[in-house]
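Observations on the model geometry
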Amino acid sequence: MPQRSTVEVDGSAIRRIRKLAGVDMSMLASQAGITANYLSRIETGSRNRVRPSVYAALRDHLSATDDEILAPGEARTKRT
C-alpha cells in the first residue's frame, strides 16, 4: 500500500495539547522540524494537511494519539 502524501490534522487540538503540555510554539516547531510560522498555520486551521513525517513528529513530541490530533474522519495509522 503506498504511503499517503498528506494527513489531515485537527489544529485546534494540537494547540490545546501543546498548551496543556506547557510547550511553546517555537519549541514544538523546532522539535518537529518545521517553522513556528508553519505550526501557527496548522494550529489556526489555515493549513490542515501535513506530510506524514510532520504529523508523526507532532504526535510523538506531544505524546498524543491519532484520535486526539487527526481530523475527524481521517484514517488512523499504526503508531510505530
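Attention here is on the structure that accompanies the text. These figures come from a predicted structure and were not determined experimentally. (Residues numbered from 1 in each chain as written. Predicted model: local features only at pLDDT ≥ 70, side-chain atom pairs only at ≥ 80, totals over all residues. Heavy atoms only, no water.)

1. Structural notes on the pattern of salt bridges
In this structure the tally under the stated criterion is 5 salt bridges. The partner of Glu8 in a salt bridge is Arg49, with the nearest N and O atoms 3.4 Å apart. Placement of the pair is Glu8 in strand β1 (residues 7-8) and Arg49 in strand β2 (residues 49-50), with a sequence separation of 41 residues. By relative accessible area, which is 32% here, Arg49 ends up partly exposed. (Salt bridge = Lys/Arg side-chain N within 4 Å of Asp/Glu carboxyl O. Helix = DSSP H or I, 4+ residues; strand = E, 2+ residues; numbered from the N terminus. Buried < 20%, exposed > 50% of the residue type's maximum accessible area, 1.4 Å probe, protein only.)

2. Overview of helix α3 (residues 36-44)
Listed in full, the buried residues belonging to α3 are Tyr38, Leu39, Ile42 and Glu43. Angular distribution of buried residues about the axis of α3 spans 135°; they occupy a single face of the element. α3 presents Asn37 and Thr44 as exposed residues on the side facing more than 90 degrees away from its buried surface. Close packing links the buried residues of α3 with α1 (11-20), α2 (25-32), β2 and α4 (52-62). (Arc of directions from axis to C-beta. Contact = heavy atoms within 4.5 Å.)

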